[in-house]
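Residue-level listing of the chains:
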Amino acid sequence: MEKSESRILKEREETKYEVEDSQEIKKKKSKNIKIYPIYRMLSWDLLFYYAIIYLFFTIEKKISVSEVLQLEAYYILFKFITQIPCTILIEKIGKRKSLIIANFVLAIHMLLIIFSLNFTWLLISQILCAFSFIIKSTCESDMLYDSIERGEKRGVKFSKIEGKSTAKYYYIDAISAIISSFLFVVNPYLPLIICFLLLLASTFVSMKFEEIQQKYKKVRIKDELKDVVKSFKHICKSKRIISLLIFNAVFVTILKALQTLRNTALKEIGMPDQYFGIIFAILGVISGIAARNQGRIHKKYRNRTLSFMAIPLATSCLLMGLVLLSGLGNQINTPLILGLFVIQYIMKGPYYILIKQYLNNFTDSKTRVRISTVNNLFENIFVSIVLFVVSCIVEILPISKSLLIIGTISLICVVILLEYMKTTVGKKPEEYGKKDLIKEI
């Protein structure tokens, strides 16, 4: 009898601690959800950077358009190389500490760009940048996802918070783009100095996050490689995931190529340097509005959402080449080119949020990290190879013909891929087989 009472008291005591632990975790989750929008709008990407970096590289650092594309290709290749070490770091020290390190290293990378003396310095900066963004892309969204209570609407809540946070980033990015373009005319280094200071601010904000997953593993590179191979084999059984991985690689490749080619197109039509920031600021606002409305886009197009984004994006690249080849003159070419930019930014805004949601569907915390790892590896090696090819095309051919070739190939690939995906993606949970519903790796 005494033993029975003792056991009951012990169970009650354990239950009490479990409730207290649960309340503590809830407080941590609530804190993370409150901090996340502030963090995201500061550090989703580099502020005061993209509107002027093409001009900074080509004018201040004296490198060619082809070399700018090569830098982007090397950056993505370095992301592929650092994926495994970054995954090991995250599993050893947790997402919070990894984010702090990533944001600080990103600040160092900006200093290297500012003080770079040659192309080699810039390459080293891209290694640091790759390391940082691999960690950020793996941890940031997943930290938010971990902080949202489980339930049927977990994915919807995630997309809502992520969409609003990303939209705020685009609005701030728009303002920073305008300011940076005028600061660039005053002094080319001023925008990058401000970018560096904001990266330090992001490091500080990331320190405010609370770690939800407290158990870390001791892992070795050999074990991690085996784990990745095992994960890849398991994921390969899911036609749904494989389709999304391939689609993502193609879509991101087009976005990355256009990132540099848009700047080159503006120079081709004689756009003054100080207007670059204004143009990309307006485009950023448009992209932010599109990102904020990603839920409506998904609700309206459902199974056709990826088609809605991919076909106009690829077509706009092809049309840019035709416009530049037309010889109609800059007065006609300029509004046409800018109109095609608008299409590209509308497609870009909601894409990263929605593809993350689609990849996260039917998964748990462990499998999300594994799918993210495999996705990053595949995306980075694919995109880097294609960008090296694109840099060779741009070096040989004028921008108009380069855009025409790249746009045509992109459109063909997208159409073939979307046709295949009609049978693999967009079904209801009960319509998928067990292999497609990846719950454990």
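The model shown is predicted, which means the values in this text are computed figures rather than measured ones.

**Here's the deal with unusual backbone geometry**
Argument step 1. The backbone of Phe48 shows a phi angle near 60°, a positive value even though the residue is not glycine.
Argument step 2. Structurally, Phe48 can be placed in the loop between helix H1 (2-43) and helix H2 (50-60).
Argument step 3. On the basis of relative accessible area, Phe48 is assigned to the buried category, the value being 12%.
Argument step 4. Notably, Lys62 is not glycine yet its phi reads approximately 60°, a positive angle.

**What to know about the packing of aromatic side chains**
Argument step 1. For the structure on display, the rule yields 13 aromatic pairs.
Argument step 2. A ring pair is formed by Phe56 and Tyr189, whose centres lie 5.3 Å apart and whose planes are at 90°; its orientation type is edge-to-face. Highlighted residues: Phe56 in helix H2 and Tyr189 in the loop between helix H6 (154-186) and helix H7 (190-206), separated in sequence by 133 residues.
Argument step 3. Where Phe251 meets Tyr351, the ring centres are 3.9 Å apart and the plane angle is 15°; that geometry is what we call stacked. With a gap of 100 residues between them, Phe251 in helix H9 (residues 239-268) and Tyr351 in helix H13 (residues 330-360) connect regions that are remote in the sequence. Both residues of the pair, Phe251 and Tyr351, count as buried.
Argument step 4. Chaining the aromatic ring pairs together yields one cluster made of Trp44, Tyr169, Phe247, Phe251, Tyr351 and Tyr352.

**Observations regarding H13**
Argument step 1. Spanning 31 residues, H13 covers 45 Å between terminal C-alpha atoms, matching the ideal 45 Å at 1.5 Å per step.
Argument step 2. The principal kink in H13, of about 40°, is found at Tyr351.

**A few points about the environment of Ile35**
Argument step 1. Mapped onto the secondary structure, Ile35 falls in helix H1.
Argument step 2. Classification of Ile35 by relative accessible area gives buried; the value is 13%.
Argument step 3. Taking the C-alpha atoms as reference points, Ile35 and Ser206, 171 residues apart in sequence, are found 8.6 Å from one another.
Argument step 4. Ignoring sequence-local partners within four residues, the contact set of Ile35 consists of Val205, Lys208 and Phe209.

**Description of the nonpolar core**
Argument step 1. Tyr49, Phe57, Met110, Leu192, Phe247, Phe251 and Leu306 are the most contacted members of the largest nonpolar core, which has 96 residues in total.
Argument step 2. A total of 14 residues in this core trace back to one element, the largest contributor, which is H9.
Argument step 3. Sequence-distant contacts of Met110, that is, excluding residues within four places in its chain, are made with Leu46, Tyr49, Leu192, Cys195, Phe196 and Leu199.
Argument step 4. Core analysis: the next-biggest nonpolar cluster, separate from the first, contains 17 residues, Ile90, Ala102, Cys139 and Val205 among them.

**With respect to the pattern of salt bridges**
Argument step 1. Applying the stated criterion across every chain yields a total of six salt bridges.
Argument step 2. Here Lys31 and Glu210 are joined by a salt bridge, their closest N and O atoms 3.2 Å apart. With Lys31 in helix H1 and Glu210 in the loop between H7 and helix H8 (221-236), the pair connects residues that are 179 residues apart, well separated along the chain.
Argument step 3. The partly exposed category is assigned to Glu210, whose relative accessible area is 25%.

**Quick word on the packing of helix H11 (residues 294-301) against H13**
Packed helices, taken two at a time, are described by their axes: the angle between them and the distance between them.
Argument step 1. For the pair H11 and H13, the least separation of the axes is 10 Å and the interaxial angle reads 60°. Along this stretch, H11 crosses H13, giving a crossing that reads as right-handed. Together, Gln294, Ile297 and His298 of H11 and Pro350, Ile353, Leu354, Gln357 and Tyr358 of H13 make up the contact between the two elements.
Argument step 2. Residue composition of the contact of H11 with H13, grouped by class: five nonpolar, three polar and no charged.

**Concerning the environment of Phe80**
Argument step 1. Tracing the backbone shows Phe80 in helix H3 (residues 65-93).
Argument step 2. Separated by 293 residues in sequence, Phe80 and Thr373 place their C-alpha atoms 9.8 Å apart.
Argument step 3. Excluding residues within four positions of it along the chain, Phe80 makes contact with Leu377, Asn380 and Ile381.

**Details of the confidence of the model for the protein**
Argument step 1. Chain-level statistics for the protein give a pLDDT mean of 82 and a share of 86% at 70 or above.
Argument step 2. In the model, residues 1-21 has pLDDT below 50 throughout and makes zero contacts with residues more than four positions away in sequence or in other chains.

**A few points about H2**
Argument step 1. When we look at burial in H2, the residues that qualify are Ala51, Ile52, Ile53, Tyr54, Leu55, Phe56 and Phe57.
Argument step 2. Where H2 ends, the next residue or the one after it, Lys62, has phi of about 60°, a positive value.

**Observations concerning a nonpolar patch on the surface**
Argument step 1. Nonpolar side chains collect at one region of the surface, where Phe104, Ile108, Val186, Leu190, Ile193, Leu197 and Leu200 lie side by side and expose about 580 Å² of accessible area between them.
Argument step 2. Those elements giving two or more residues to the nonpolar patch turn out to be helix H4 (95-115) and H7.
Argument step 3. Of all the elements, H7 adds the most residues to the nonpolar patch, at four residues.
Argument step 4. For Ile193, the position within the fold is in helix H7.

**Quick notes on the side chain of Thr264**
Argument step 1. If you trace the backbone, Thr264 turns up in helix H9.
Argument step 2. Dropping the residues within four chain positions of it, Thr264 is found in contact with Tyr54, Val65 and Ile399.

**Here's the deal with the packing of H4 against helix H5 (residues 119-147)**
Argument step 1. The N-to-C vectors of H4 and H5 enclose an angle of 150°; their axes lie 8 Å apart at closest approach. Comparing the axis directions of H4 and H5 gives the class roughly antiparallel. When you trace H4 past H5, the crossing you get is left-handed.
Argument step 2. Tallied by class, the residues present in the contact of H4 with H5 amount to 19 nonpolar, six polar and six charged.

Reading the values: the criteria
- Residues numbered from 1 in each chain as written.
- Predicted model: local features only at pLDDT ≥ 70, side-chain atom pairs only at ≥ 80, totals over all residues.
- Heavy atoms only, no water.
- Helix = DSSP H or I, 4+ residues; strand = E, 2+ residues; numbered from the N terminus.
- Buried < 20%, exposed > 50% of the residue type's maximum accessible area, 1.4 Å probe, protein only.
- Phe/Tyr/Trp six-rings, centres within 6.5 Å; stacked < 30°, edge-to-face > 60°.
- Expected span 1.5 Å × (residues − 1).
- Bend = angle between axes of the 7 residues up to and from the residue.
- Contact = heavy atoms within 4.5 Å.
- Core = buried A, V, L, I, M, F, W, Y, C linked by side-chain atoms within 4.5 Å.
- Salt bridge = Lys/Arg side-chain N within 4 Å of Asp/Glu carboxyl O.
- Axes fitted to C-alpha atoms, helices over the stretch in contact; angles between N-to-C directions.
- Left-handed = near helix turned anticlockwise from the far one by under 90°.
- Nonpolar A, V, L, I, M, F, W, Y, C, P; charged D, E, K, R; others polar.
- pLDDT = per-residue confidence, 0-100.
- Patch = residues over 30% accessible without salt bridge, like charges linked within 9 Å, V, L, I, M, F, W, Y side chains within 5 Å.
- Areas by Shrake-Rupley, 256 points an atom, 1.4 Å probe, with all protein chains shown as cover.
- Parallel < 35°, antiparallel > 145°, perpendicular 65-115°, else oblique.

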